[in-house]
Number of protein chains: 2
Amino acid sequence: MLAIDQRKSLREMISTALGTQPDSVTPEDLSLVKRIVTRELSGYASALLTDPIYGYESTIDVIPRDTGVMLSIEVTGYNTVNSFERHSRLIEGFGVQKAANLGADAIKLLIWYHKEATRATIEHQNGIVKRVAEECNKYEVPLILEVVNYPKPGVDLKGVDYAREKAERVIDAAKTFSADEFGVDVLKLEFPGNLKMTKEFQDRSFSANQVAYSLDEVKSFNKAVNEASEVPWVILSAGVDPEEFIENIKISNEAGASGFLCGRAVWKNIVNHFPDSENMTRFITEDAVDYFKNILQSNSDAIPWYSHRRFS
Amino acid sequence: MLAIDQRKSLREMISTALGTQPDSVTPEDLSLVKRIVTRELSGYASALLTDPIYGYESTIDVIPRDTGVMLSIEVTGYNTVNSFERHSRLIEGFGVQKAANLGADAIKLLIWYHKEATRATIEHQNGIVKRVAEECNKYEVPLILEVVNYPKPGVDLKGVDYAREKAERVIDAAKTFSADEFGVDVLKLEFPGNLKMTKEFQDRSFSANQVAYSLDEVKSFNKAVNEASEVPWVILSAGVDPEEFIENIKISNEAGASGFLCGRAVWKNIVNHFPDSENMTRFITEDAVDYFKNILQSNSDAIPWYSHRRFS
């Protein structure tokens, strides 16, 4: 599955590429990039995740009828409370019923998660998941929940400590949010490890030149995620390069994942050609299509969602 | 709206063009023509009518997400009973629920109608309409009912007598099948007249060099259809040429129609290039697209379905 629902991160990518401020990126800029990516890539995906603000309406005419559509329901980014805790919000004036009426085949909700957050934060986040799941149930639309963990203040997101900590966090997220009480149909999870820091991949282009663990350990983290998740799960790319993402997919699918939902890993370099439509299109048709085909090939052993033990 | 659900008539068109028998036309031949028409034209239509046998599955990847899809539910053609009466049948192994699950936005049912048929025939045909309408209601899918009248034995479909008789038949069909008891949402009707035989159009390319009535009479037939129909109605093209169909549309819309659902008027000459995909594609992109754009332009005054008096 392909994601082009990025809003805040896409705005930042474009402004970084242009050397400007994120605020100077317009809605039309976001829609332009989304349109080119959607037009050239959605035909290769089984489903497309897009957003209802800059994406869906301006690209609906270039989404093939046999590519499923998932719509994001949350506001991009988060509100910070208690110095580091992240609160999610739903898009105002939108909702599950509206998404269903617009032809969405599924809803995607992204939730920020830290198990050591205060009870108020945990309840706030859980409440959003439960409310959306209830609406999804009412309108018979599947819910894909993306759980994104984050570090405490002072912990480097790219450091060895967080790489070690992350596996445990992803396993906990899988266990927590696949419980029946939440009513989630599919989990979209972070890869529970950091291949940049595995002993065996130190000679690869994506190496961080730091070692946190062995490949076998990372494989065992994935198996633990699969054991923890009571629903089918897919992994997200978090913008790593295609070479690394392909290794992620193979390891996760071997452990029992149902494939991937990735965006930036495939198309992120499009912003280097912004705002030249012709060159952006050329990058997607010449390079990103190849990346995506390679990723799809490495995904051939994914477990179909209906083969998950939940349905056996 | 664009129709490419033709089966029997398309098979005959292809075999006539090739100088062969209809039986020699294969399912792949039908799908090939349907794919080219769908790929090049469906983006211009608000909705596409296709069939679930040779059309939908083999063209779903080229139907844009913002073009509605209507699926035919009846077997093509008819069974003749009592020497001339026509009985319709539903496609076996298909149905409203299946169509809805496959993503259809609406169901189209074609029914053969002759008000002087025996009671058994009338009840047979009415029964099919009511059964399908009930299923459509259950699965919340709108029903478009196409009513096609036919002459008694010995009456020439293209003659002056039938041209005179037809108006009355279409008006009766509109009144009969828009009654609440049937549960139809939109009627797809024949043009209640034959412009080939109007006094005012004798100098046109489509003239039959025979006069049945004046243009004013044909306009009054259309007004009578509008008064008879308790639901929004659209006209079908019955394969007339674009020039004539444009005149049909203007007259029907002026009387209160909600536009058209046409197929052959736009793409029929594609069969002259069969089986050459390249030339068939060229005919559609160079000629049929222009026909369709002209037809759309002449349709600009159509009454939106929600402005029909039924909803006032």
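In this text, all values refer to a predicted model and were calculated from it rather than measured experimentally. All residue numbers here refer to positions counted from 1 along the written sequence of the relevant chain. Written order determines the labels here, with chains lettered from A and ligands numbered from 1. The predicted origin of the model limits local features to residues at a pLDDT of at least 70 and limits the giving and counting of side-chain atom pairs to 80 or more, whereas totals for whole chains, interfaces and linings rest on all residues. With hydrogens and water stripped out, all remaining heavy atoms of the structure feed into the side-chain values.

### Observations regarding the overall build of chain A
We count a stretch as a helix when DSSP gives it H or I for four or more residues in a row; a strand needs E for two or more, and each element gets its number in order from the N terminus. Counting its secondary structure elements, chain A contains 10 helices and 10 strands. Radius of gyration here uses only the C-alpha atoms, and the compact-globule reference equals 2.2 Å multiplied by the residue count raised to the power 0.38. Over its C-alpha atoms chain A spans a radius of gyration of 19 Å, differing by no more than 12% from the 20 Å that the globule rule assigns to 312 residues. Along the longest, intermediate and shortest principal axes, the C-alpha atoms of chain A span 50 × 45 × 45 Å. Here chain A, with 312 residues, has 56% of them falling under the buried criterion. It only takes one pair of heavy atoms within 4.5 Å for two residues to be counted as in contact. By sequence separation, contacts in chain A at least 24 residues apart represent 69% of the contacts at least 6 residues apart. All accessible-area figures derive from a Shrake-Rupley calculation using a 1.4 Å probe, and residue coverage is judged against the displayed protein chains alone. Total accessible area on chain A is roughly 13,800 Å²; 47% of this is exposed by carbon and sulfur atoms. Burial classification: accessible surface area is computed with a 1.4 Å probe over protein chains only, and a residue below 20% of its type maximum counts as buried, one above 50% as exposed, and the rest as partly exposed.

### Thoughts on the confidence of the model for chain A
Confidence in the prediction for chain A averages 96 pLDDT; 100% of positions are at 70 or higher. Of the two predicted TM-score estimates for the complex, the pTM is 0.87 and the ipTM is 0.75. Each residue carries a pLDDT score, the predictor's confidence in it, ranging from 0 to 100.

### Some remarks on empty space enclosed by the protein
The gaps of empty space that remain are located by a probe, the size of a water molecule, rolled over the atoms. All names here are of chain A. A cavity, in this analysis, means grid points on a 1 Å lattice covering only the protein atoms where a 1.4 Å probe fits yet has no way out; a pocket is instead an open set bounded by protein on both sides within 12 Å along at least five of seven lines, and a residue lines either one if it has an atom within 4 Å of a point. Grid points are joined across faces, edges and corners, and a volume is the space filled by probe spheres set on the points. Counted under the stated rule, the structure contains 3 cavities of 30 Å³ or more. Approximately 50 Å³ is the volume attributed to the largest cavity. Lining the largest cavity we find Trp112, Tyr113, His114, Ala117, Thr121, Ile122, Gln125, Asn126 and Tyr150. Listing elements by their share of the lining of the largest cavity, those giving two or more residues are strand 6 (106-113) and helix 5 (119-138). Top element by residues in the lining of the largest cavity is helix 5. It accounts for 4 residues. Residues are sorted three ways: Asp, Glu, Lys and Arg are charged, Ala, Val, Leu, Ile, Met, Phe, Trp, Tyr, Cys and Pro are nonpolar, and all the rest, Gly among them, are polar. In the lining of the largest cavity, the residues fall into 5 nonpolar, 4 polar and no charged.

### Quick look at the sheet that holds strand 7 (residues 143-149) of chain A
All names here are of chain A. As summarised here, the arrangement of the 8 strands in space is 1-2-3-6-7-8-9-10, forming an open sheet in which the pairing is parallel. With partners counted over all chains shown, the strands left at the sheet margins are strand 1 (2-3) and strand 10 (260-261), one partner each. One requirement defines pairing of two strands: DSSP has to find at least two bridges between them. Looking at chain direction, strand 6 and strand 7 are connected through 7 bridges and run parallel. Looking at the pairing, leucine 109 lines up with leucine 145 of strand 7.

### A word on unusual backbone geometry
Here Phe274(A) and Pro275(A) are connected by a cis peptide whose omega angle stands at 0°. With respect to the element layout, Pro275(A) can be found in the loop between helix 9 (264-267) and helix 10 (277-298). For Asn82(B), which is not glycine, the phi torsion reads 50° and is therefore positive. With respect to the secondary-structure elements, Asn82(B) resides in the loop between strand 4 (79-81) and strand 5 (85-87). On the basis of relative accessibility, which here comes to 47%, the residue Asn82(B) falls in the partly exposed class. The phi dihedral of Asn209(B) is positive, around 55°, even though this residue is not glycine. As for its position among the elements, Asn209(B) is in the loop between strand 8 (186-189) and helix 7 (215-228). Take Asn209(B): its relative accessible area is 65%, and that puts it in the exposed class.

### As for the interface of chain A and chain B
Facing the 12 residues of chain A at the interface are 12 residues of chain B. Together, the buried faces of chain A and chain B total about 890 Å²; carbon and sulfur atoms form 48% of this surface. Two parts placed together each lose some accessible area under a 1.4 Å probe, and adding up what both lose gives the buried area. Together, Ile60(A), Arg65(A) and Asp66(A) form the three largest contributors to the area buried by chain A at its contact with chain B, with a combined 69%. For Arg65(B), the salt bridge is made with Asp105(A), and the minimal N-O distance between the two is 2.9 Å. N or O atoms closer than or at 3.5 Å make up a polar contact, with two conditions inside protein: a donor-capable atom paired with an acceptor-capable one, and, for residues adjacent in sequence, both atoms drawn from side chains. There are 10 residue pairs in polar contact (both at pLDDT 80 or more) connecting chain A and chain B. Residue classes in the side of chain A that touches chain B are distributed as 5 nonpolar, 3 polar and 4 charged. The term salt bridge refers to a side-chain nitrogen of Lys or Arg lying within 4 Å of a carboxyl oxygen of Asp or Glu.

### As for the side chain of Glu85(B)
Residue and element names in this part refer to chain B. In this fold, glutamate 85 is placed in strand 5. Positive: Lys, Arg. Negative: Asp, Glu. His and the chain ends are not part of the count. One buried charge, glutamate 85, has no salt-bridge partner; the nearest side chain with opposite charge is lysine 152, at 7.9 Å. Among the polar contacts listed, one links the side chain of glutamate 85 to the side chain of threonine 118, at a separation of 2.8 Å. A distance of 2.4 Å separates polar atoms of two side chains, one belonging to glutamate 85 and the other to threonine 121.

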